[in-house]
Amino acid sequence: MTSTATVRRPPAALTFRQKLNRFDYRASPYLYIAPFFILFALIGIFPIVYTFNVSLYEWHLLKGQGDFVGLDNYVSVLSDPFFWNAFGNTISIFLLSAVPQLVIATLIAALLDQTLRGRTFWRMSILLPYIVAPVAVAVIFLQIFNQYHGPVAGLLELFGLDPIRWAFDVFPSHVAIASMVNWRWTGYNALILLAAMQAIPRDVYESAALDGANKLRRFWSITIPMIRPTLIFVVITSTIGGLQIFTEPKLFDPRSNGGSDRQFQTIVLYLYELAFPRRDFGRASATAWILFLVIILAGLINFAITRAIRTNDARPVRIPKVRDTLITTRSVSTSPARSRSTTTSTTDQRGGRA
Amino acid sequence: MSTLMERTRTEPTATTEAPRYRKGKDHERPGILTYAILIAFFAISAFPLWWSFVISSRQSSDTNLVPPAVLPGPNFLGNAAKVFETAPFLQALANSVIISGAITVSVVFFSTLAGYSFAKLKFRASNGLLLAVIATMAIPTQLGIIPLFMLMAEWEWVGTLQAVILPGLVTAFGVFFMRQYLVDVIPDELIEAARVDGASMWGTFWHVALPAARPAMAVLALFTFMAAWTDFLWPLLVLGPRNPSVQTALAALSASGGQTPDHSLVLAGAVLSVIPLLILFVLAGKQLVAGIMQGAVKG
């Protein structure tokens, strides 16, 4: 209460208007954040918490709540080979999309981090796939990866290779689905990495060049270490997204839930199949919580790695305003906004007009 | 052979560029290889969309052509008309505009309001509450679909647009994004001055904060609209086939057709579903690029 001493004036002579004014001053901050918290409690917090409640019961989509079964739903999900199949498929598709995507995005970002002609055009061109919704991506790639006709089959034929059964064999189907993810997200992630690269002070490169470091050496010894927080941010967002992949595998064979033989059924597809076609809300909820814990675990691992890197590093990484690692990595990609305007103007002066 | 061609092509450019860029360091100028890779990447980025358009303007059997067809045919309008006959696509477009529009207005307004409060107003527990916002950003809300579905069934909202709109009304990320922007952009003195002049809290928000927040609001609106437009899982659960969104209508179109799907028809649907965002991309692509580079997206 002592901290409010400045606000507390001699209380006697307050008019109604002054009281109203004071109420306005004190209550408004809370009123302004209230809609967010009330709505988020309803659509964000309640569903996650209540999912846990549902997971402890036998719960049918139509019949509703049944007997309390404790952790039985978790036991039955974790001992279901189809769950582990879905888990393995998810990891496989995730690795096939995250790894090439990160490598190519970094390369493209490095190429864009030069005084290019038509800079705006190149930046926009790599973002084109991002505006195509996952449903449309899946519909289009379903045709591109058609076993018998379409561009990929044509290409294989051109090289005299046998047709690949994209929708039936496990590994090829994972490659096809991962390529949808890669196609849509590589350019987007390249832009995030480009922003981080542009935050690196140019004189670091210049002095390294004076010391005789060639382009490749500068890339490995300056660029990569300096953008590492952003790289980790990109990894973690693609992990969270990748673990929840649904649309692409669902539509790769729209009449099944992840392939005729579950060749590409992912965890969320497994959850979806339990909840809707099979109407088993109890086990579906248990699956949701298992996935939730896996995602939290992935986040914590990221937190640990980021902190380890930051304490080991003496490099001047921009210090963000909020002390949170997830945010730290974002802020590194946020902060260049300001410093970039300076780089932009210098390149413009040099005549690098787009 | 190819190196020879590269040489001859590079030389004239090099000589014309030399005087213009004398000041810059020559080794900083990207070579022809950079442009070659970027062009290849652009071709890969554009090919699936272009090929869809090509097939949707021809007939289904043209997917068989080797090498693949690269020039559009005359049938696009015919195939597009068939899409509108086969699926309730017009209604789907209208529904998606309503859903995405409502979500965008709500997210942008409530995010600006709460972001302003966190950035510029002093109140007890503000730091703790902001941390709560940040912590909730990491929650994969998609995993709450089962209770949300039960709620919609209870309210008899299944099949209605409000069932899709409600779960999108606010995002923790939006609040955090607006807070980060406003904390730097509005000087505290400006708000104090407005107070001294007798403006109410709401008046200060409306006349001082809102105009200052406009650029960030536009970026947030752009990304919120896109996310709502492209969302699939939740609309699939709560919207029936008779009242679809663009995405669920396209998915249904793709699943229809049995053993012999009409590729031109399905791809015409895909092209039609992309056109609205393609227009947005042409009009606001620069802002999208800038937004991503400023971290305006949740990833």
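Predicted, not measured: the structure shown is a model, and the values here were computed from it.

## A word on the overall build of chain B
Helices and strands together make up the secondary structure of chain B, namely 13 helices and 0 strands. Evaluated residue by residue, chain B yields a buried proportion of 43% over its 299 residues. Long-range contacts, defined as pairs at least 24 residues apart, comprise 73% of the intrachain contacts of chain B with a sequence gap of at least 6.

## Quick look at the UniProt feature "transmembrane region" (unreviewed entry) in chain B
All names here are of chain B. With numbering aligned to this structure, UniProt lists the feature "transmembrane region" (unreviewed entry) at residues 32-51, 92-116, 128-151, 157-177, 216-237 and 265-284. End-to-end, the C-alpha atoms of residues 216-237 are 32 Å apart, and along that stretch the chain is 91% helix and 0% strand. Secondary structure across residues 265-284 divides into 100% helix and 0% strand, with the first and last C-alpha atoms of the span separated by 29 Å.

## Observations concerning the interface of chain B and chain A
Accessible area lost during the coming together of the parts is what is often quoted as the interface size. Residue-level contacts link 80 residues of chain B with 88 residues of chain A. Mapped onto the side of chain B that touches chain A, the elements with two or more residues apiece are α2 (32-56), α4 (89-120), α5 (126-137), α6 (145-154), α8 (172-185), α10 (201-230), α12 (246-255) and α13 (263-293) of chain B. Here the side of chain B that touches chain A takes 15 residues from α13(B), the largest share from any one element. Taken together, the residues of the side of chain B that touches chain A break down into 53 nonpolar, 22 polar and 5 charged.

## Description of the pairing of strand β2 (residues 64-68) of chain A
Residues and elements named next belong to chain A. With respect to burial, β2 is a largely exposed element, only 0 of its 5 residues being buried. Here strand β1 (residues 57-60) pairs with β2 via 3 bridges, running antiparallel. Bridge pairing in β2 places Trp59 opposite Gln65.

## Some remarks on unusual backbone geometry
In the Ramachandran plot, Arg279(A) falls in the positive-phi region, its phi being about 60° despite a non-glycine side chain. In this fold, Arg279(A) is placed in the loop between α12 (267-275) and α13 (281-312). We classify Arg279(A) as partly exposed; it has 13 C-beta atoms within 10 Å. You will see that Ala125(B), though not glycine, has its phi angle at about 70°, which is positive. As for its position among the elements, Ala125(B) is in the loop between α4 and α5.

## With respect to the nonpolar core
Ranked by size, the top nonpolar core spans 161 residues in total, and within it Ala136(A), Val139(A), Leu193(A) and Leu220(B) carry the most contacts. In this structure, Val139(A) is in contact with Leu251(A), Leu250(B), Ser254(B), Val266(B) and Ala270(B), ignoring residues within four places of it in sequence.

## Section: the domain arrangement of chain A
Residue and element names in this part refer to chain A. Looking at chain A, the domain boundaries give domain 1 (2-55) and domain 2 (77-349). Domain 1 puts 5 residues into the contact, and the matching count from domain 2 is 7 residues. For the side of domain 1 that touches domain 2, the residue count by class is 3 nonpolar, 2 polar and no charged.

## Thoughts on the packing of α8(B) against α10(B)
Residues and elements named next belong to chain B. For the pair α8 and α10, the least separation of the axes is 10 Å and the interaxial angle reads 145°. Two packed elements cross with a definite hand, and for α8 against α10 that hand is right-handed. Every residue of α10 that contacts α8 at Gly174, Phe177, Met178, Tyr181, Leu182 and Val185 is listed here: Ala209, Ala212, Ala213, Ala216, Leu220 and Thr224. Looking at the contact of α8 with α10, its residues break down into 10 nonpolar, 2 polar and no charged.

## Some points on the domain arrangement of chain B
Residues and elements named next belong to chain B. As assigned here, chain B comprises domain 1 (2-74) and domain 2 (84-293). At the interface, 9 residues of domain 1 touch 8 residues of domain 2. For the side of domain 1 that touches domain 2, a count of residues per class yields 3 nonpolar, 5 polar and 1 charged.

## What to know about the packing of helix α5 (residues 134-144) of chain A against α12(B)
Direction vectors running N to C along α5(A) and α12(B) enclose 20°, while the axes themselves pass 9 Å from each other. The pairing of α5(A) with α12(B) is recorded here as roughly parallel in orientation. Viewed along their axes, α5(A) and α12(B) form a crossing whose handedness is left-handed. On the side of α5(A), the interface is formed by Val135(A), Ala136(A), Val139(A) and Leu142(A), while α12(B) contributes Gln247(B), Leu250(B), Ala251(B) and Ser254(B).

## What to know about helix α1 (residues 16-55) of chain A
Largest kink in α1(A): about 45°, centred on Ala41(A). The set of residues buried in α1(A) consists of Pro29(A), Tyr32(A), Ile33(A), Phe36(A), Phe37(A), Phe40(A), Gly44(A), Pro47(A), Thr51(A), Val54(A) and Ser55(A).

## Overview of the confidence of the model for chain B
The predicted coordinates should not be examined in detail at positions where pLDDT is low. Scored by pLDDT, chain B comes out at a mean of 85, with 87% of its residues at no less than 70. As a predicted assembly, this complex carries a pTM of 0.84 together with an ipTM value of 0.87.

## Comments concerning the environment of Thr120(A)
As for its placement among the helices and strands, Thr120(A) is situated in helix α4 (residues 119-127). With 63 residues separating them in the primary sequence, Thr120(A) and Tyr57(A) have C-alpha atoms 55 Å apart.

## Some thoughts on helix α7 (residues 170-198) of chain A
The first and last C-alpha atoms of α7(A) sit 41 Å apart over 29 residues, in line with the 42 Å expected at 1.5 Å per residue. Of all the bends in α7(A), the greatest, near 40°, is centred on Trp185(A).

## Points about the confidence of the model for chain A
Residues and elements named next belong to chain A. Model confidence for chain A is summarised by a mean pLDDT of 84, while 84% of its residues fall at 70 or above. Per-residue pLDDT, averaged within each element of chain A, yields its smallest value for helix α15 (residues 336-349) (35) and its largest for helix α2 (residues 72-78) (97). Contacts of residues 1-5 to residues separated by more than four positions or lying in other chains number 0 contacts, the stretch itself having pLDDT below 50. Throughout residues 314-354 the model reports pLDDT below 50, and contacts reaching past four residues in sequence, or to other chains, amount to 64 contacts.

## Considerations on the environment of Asn146(A)
Looking at where Asn146(A) falls in the secondary structure, it is placed in the loop between α5 and α6 (151-158). Not counting chain neighbours up to four residues away, the residues in contact with Asn146(A) comprise Ala153(A) and Thr63(B).

The rules we used
Residues numbered from 1 in each chain as written. Chains lettered and ligands numbered in written order. Predicted model: local features only at pLDDT ≥ 70, side-chain atom pairs only at ≥ 80, totals over all residues. Helix = DSSP H or I, 4+ residues; strand = E, 2+ residues; numbered from the N terminus. Buried ≥ 20, exposed ≤ 12 C-beta atoms within 10 Å, placed from the backbone. Contact = placed C-beta atoms within 7 Å. UniProt positions renumbered as here; feature names shortened; annotations may be inferred. Nonpolar A, V, L, I, M, F, W, Y, C, P; charged D, E, K, R; others polar. Pairing = 2+ DSSP bridges. Core = buried A, V, L, I, M, F, W, Y, C linked by C-beta atoms within 7 Å. Domains from an automatic or database assignment. Axes fitted to C-alpha atoms, helices over the stretch in contact; angles between N-to-C directions. Left-handed = near helix turned anticlockwise from the far one by under 90°. Parallel < 35°, antiparallel > 145°, perpendicular 65-115°, else oblique. Bend = angle between axes of the 7 residues up to and from the residue. pLDDT = per-residue confidence, 0-100. Expected span 1.5 Å × (residues − 1).

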